[in-house]
Amino acid sequence: MPTTPLPDFANLSLAEIARLAEEHRLPPVDSWNPAHCGDSEMRIGRDGTWFHQGAPITRQAMVRLFSTILRREAEGKYVLVTPVEKLDIDVEDAPFVAVEMKSDGSGEAMRLAFRLNTGDVLTAGPAHGLRFEERADGPRPYLHVRRGLEALIARPVYYQLAELALANGSTPPGVWSDGTFFPLGSAAE
């Protein structure tokens, strides 16, 4: 079964990224309510690597496929769900990692697009908010992906965000995207 190659994020305009994000159709996992069948023997590591029975899943097409049937339950656990089965999956931090970022515009007109480790692309804004947690090992930035699923923002991408926040001179430091301001730092600061 041939797979369509992922587009080169670096060469896409933000308008093209927005179009690709809009075209991306996902299965209706929220409307599927099968019986719980057990454990998938799968895990998503903090770095975004997917594992099955302890071994990394090396076929990116399989990771992309599994990511489309991932759901976060109301009590916070993660499951892989189809119309006929639901299996637990362990997630060490966040199920996705934002590995690349592109910015366009400045100030309140800025738009920030992200590419996830699964190849998904999205634009930060009201539907895809940025949040920051302070932890003992440093700040932990996240991007809302969909229905309670988040992407951990990779350290190099976080540094890009911090550079943009410091350059715009806002108090508190933060970034704008799609008409929404996101302060860099946790809400408790």
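Residues numbered from 1 in each chain as written. Predicted model: local features only at pLDDT ≥ 70, side-chain atom pairs only at ≥ 80, totals over all residues. Heavy atoms only, no water.

Comments concerning unusual backbone geometry
Leaving glycine out, the prevailing phi sign among residues is negative, and the prevailing peptide bond configuration is trans. Of note, the amide linkage connecting Thr171 to Pro172 takes the cis form, showing an omega dihedral of 0°. Positionally, Pro172 belongs in the loop between α3 (155-168) and β13 (174-177). One non-glycine residue, Glu41, adopts positive backbone phi at about 60°. With respect to the helices and strands, Glu41 occurs in strand β1 (residues 36-44). (Helix = DSSP H or I, 4+ residues; strand = E, 2+ residues; numbered from the N terminus.)

Looking at the sheet that holds strand β6 (residues 86-91)
Strands in a sheet are paired, the pairing made by backbone hydrogen bonds, and the direction either parallel or antiparallel. Spatially, six strands are ordered β3-β2-β1-β6-β5-β4 in an open sheet, and the strand pairing comes out mixed. Only two strands of the sheet have a single partner each, and these edge strands are β3 (55-56) and β4 (70-72). Relative to β6, strand β5 (residues 78-81) runs antiparallel, the two being bridged by four bridges. Paired with Tyr78 across the two strands is Ile89, which belongs to β6. (Pairing = 2+ DSSP bridges.)

Here's the deal with the pattern of salt bridges
One pass over the full model with this rule turns up 12 salt bridges. One salt-bridge network, held together by shared partners, links Arg46, Asp93, Asp137 and Arg140. (Salt bridge = Lys/Arg side-chain N within 4 Å of Asp/Glu carboxyl O.)

Function-wise, these values are silent; they only describe arrangement.
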